[in-house]
Amino acid sequence: MAKVAIKSEKLSPFGGIFSIMEQFDSNLSSVIDSTLGMRCRLYGYQYSEVIRSLMSVYFCGGSCIEDVTTHLIYHLSLHPTLRTCSADTILRAIKELTQDNISYTSDTGKTYDFNTADMLNTLLLNCLLSTGQLKEGEGYDVDFDHQFIETEKYDAKPTYKKFLGYRPGVAVIGDMIVGIENSDGNTNVRFHQHKPKGRFFWLPLAKYIKHPILLQTKNRPFDFIFCYF
C-alpha cells in the first residue's frame, strides 16, 4: 500500500534554522533583555529578537544585514512563535546600542579615538556564563592582543599595514572572546597599553576578578592576566 504524506504548503528552504532559533530563545533571550534592557513595552521588537534575527542572516548564508529583508524574512516568519524583524529594525537597534568614542591625546599631540562598548562587553560575558562556557569560581588565563580589520568605513584610518581600517584590542580566554576595545587604525600599539584609563573594556570583567590584572603583550611577554570568576 502506498503511503500518503500530507504536507503543509508552507515549506521553507531555511526550516533547519528553526531549532537553532529556539535554542537561542530559550538560552540567551532572557540574558540579552536583562542586560540591555527592554527596548519596547507594548509594540516593537526586543533586543533579543533583533540579535536573533541578525544571527539568522549569517547562519542562513547571508552576506549583509539587508539579506534578512530581501531573502529571509518570509521564510523565517513561518515559525509559529518566534518573530523576525526587518533589516531597518536591526540597523536602528544597532545604532541605539552604540557608545560614544573616548578621545585621548598623546604626548606628541596626536588624538586617537577609543570605544570600549561596555554594555556589549558585559552582554558577551553574561552570555558566556549563561551557556556554561565560563564558570563562576574557576580560574582563567586571559590573553590580550591587537588585531587590524580592513574596512572602508567613513571613520577608518590608515594603518601601518598600508590599508584603511580599525585596530581593536581583543581579550580572549582560550578560543573565546571575552572583551573588545576598538580604536583608530592609526593608533600606536603602545599608546595607553599599560594605563588603567586606557583599558575601559575591563570594567565588565571587574566584578568577577578577585586578583590583580597584569597585561600580557608582545612587548612585555612575562606579564599575564589572571581572572577568577
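Residues numbered from 1 in each chain as written. Predicted model: local features only at pLDDT ≥ 70, side-chain atom pairs only at ≥ 80, totals over all residues. Heavy atoms only, no water.

**Q** Explanation requested: the overall build of the protein chain in the structure shown.
**A** Counting its regular elements, the protein chain contains six helices and nine strands. Every one of the 229 residues in the protein chain was classed for burial, and the buried ones make up 41%. A separation of at least 24 residues holds for 54% of the contacts in the protein chain among residues at least 6 apart in sequence. Roughly 14,100 Å² of accessible area belongs to the protein chain as shown, and the carbon and sulfur atoms make up 55% of that amount. (Helix = DSSP H or I, 4+ residues; strand = E, 2+ residues; numbered from the N terminus. Buried < 20%, exposed > 50% of the residue type's maximum accessible area, 1.4 Å probe, protein only. Contact = heavy atoms within 4.5 Å. Areas by Shrake-Rupley, 256 points an atom, 1.4 Å probe, with all protein chains shown as cover.)

**Q** Got a minute to help me understand the side chain of Ser-48 in this structure?
**A** Looking at the secondary structure, you find Ser-48 in helix H2 (residues 47-59). The class of Ser-48 is buried, set by a relative accessible area of 4%. At 2.9 Å, the side chain of Ser-48 and the side chain of Asp-33 are in polar contact. Those residues within four positions of Ser-48 in sequence are excluded, and the remaining contacts are Phe-24, Ser-29, Ile-32 and Asp-33. (Polar contact = N/O pair within 3.5 Å; in protein donor to acceptor, adjacent residues only side chain to side chain.)

**Q** What is the right way to read the confidence of the model for the protein chain from this model?
**A** A low pLDDT score tells you not to read the predicted coordinates there in detail. Chain-level pLDDT for the protein chain is 81 on average; 81% of the residues reach the 70-or-more range. Scored below 50 in pLDDT, residues 211-226 shows 35 contacts in the model against residues more than four places distant or in partner chains. (pLDDT = per-residue confidence, 0-100.)

**Q** What's the story with the packing of aromatic side chains in this structure? I'm lost.
**A** Any two aromatic rings considered together are summarised by their centre-to-centre distance and by the angle between their planes. For the structure shown, the criterion picks out two aromatic pairs. The ring of Tyr-47 carries Arg-39 above its face, with NZ or CZ at 6.0 Å from the centroid. If you follow Arg-83 out to its NZ or CZ, it ends over the ring of Tyr-45, 4.4 Å from the centre. (Phe/Tyr/Trp six-rings, centres within 6.5 Å; stacked < 30°, edge-to-face > 60°. Lys NZ or Arg CZ within 6 Å of the ring centre and 35° of its normal.)

**Q** How do you make sense of the packing of helix H1 (residues 17-36) against H2 when you look at a structure like this?
**A** Packed helices, taken two at a time, are described by their axes: the angle between them and the distance between them. Viewed as axis vectors pointing N to C, H1 and H2 meet at an angle of 140 degrees, and their least axial separation amounts to 8 Å. For the crossing formed where H1 meets H2, the hand is right-handed. Facing H1, whose interface residues are Ile-17, Ile-20, Met-21, Phe-24, Asp-25, Ser-29, Ile-32, Asp-33 and Leu-36, H2 presents Tyr-47, Ser-48, Ile-51, Arg-52, Met-55, Ser-56 and Phe-59. Counted by class, the contact of H1 with H2 contains 10 nonpolar, three polar and three charged residues. (Axes fitted to C-alpha atoms, helices over the stretch in contact; angles between N-to-C directions. Left-handed = near helix turned anticlockwise from the far one by under 90°. Nonpolar A, V, L, I, M, F, W, Y, C, P; charged D, E, K, R; others polar.)

**Q** Help me understand a nonpolar patch on the surface in this model?
**A** A surface patch of nonpolar side chains, about 310 Å² in accessible area, is lined by Ile-20, Tyr-58 and Phe-59. Mapped onto the elements, Phe-59 comes out in helix H2. (Patch = residues over 30% accessible without salt bridge, like charges linked within 9 Å, V, L, I, M, F, W, Y side chains within 5 Å. Salt bridge = Lys/Arg side-chain N within 4 Å of Asp/Glu carboxyl O.)

**Q** Explain the pattern of salt bridges to me, please; I cannot follow it from the model alone.
**A** Pairs may arise between side chains of opposite charge once their charged atoms sit close together. For the structure on display, the rule yields four salt bridges. Close ionic contact of Asp-25 with Arg-52 constitutes a salt bridge, the shortest N to O distance being 3.7 Å. A residue pair is termed long-range when its members are at least 10 positions apart, and Asp-25 in helix H1 and Arg-52 in helix H2 qualify at 27 residues. On the basis of relative accessibility, which here comes to 1%, the residue Arg-52 falls in the buried class.

**Q** Would you mind going over the pairing of strand S3 (residues 139-146) with me for this structure?
**A** Within a regular strand, the side chains alternate between the two sheet faces. Going residue by residue along S3, you find Tyr-140, Val-142, Phe-144 and His-146 tucked away on one face and Gly-139, Asp-141, Asp-143 and Asp-145 left uncovered on the opposite face. Pairing of S3 with strand S7 (residues 169-173), which is carried by four bridges, proceeds in the antiparallel orientation. Each residue of the ladder has a partner; that of His-146, found in S7, is Gly-169. (Pairing = 2+ DSSP bridges.)

**Q** Would you mind going over unusual backbone geometry with me for this structure?
**A** Trans peptide bonds make up most of the peptide bonds, and negative phi angles are found at most residues other than glycine. Positioned with a positive phi, Ala-117 is a non-glycine residue whose angle comes to about 45 degrees. Considering the arrangement of structural elements, one finds Ala-117 in the loop between strand S2 (111-115) and helix H5 (118-130).

**Q** Is there a simple way to explain the sheet that holds strand S4 (residues 149-150) in this structure?
**A** Taken together, the three strands give an open sheet; going across it, the order is S4-S6-S5, and neighbouring strands pair in antiparallel fashion. The two strands at the open ends of the sheet, each matched to only one other strand, are S4 and strand S5 (157-158). Looking at chain direction, S4 and strand S6 (residues 164-166) are connected through two bridges and run antiparallel. Bridging across to S6, Glu-150 finds its partner in Gly-165.

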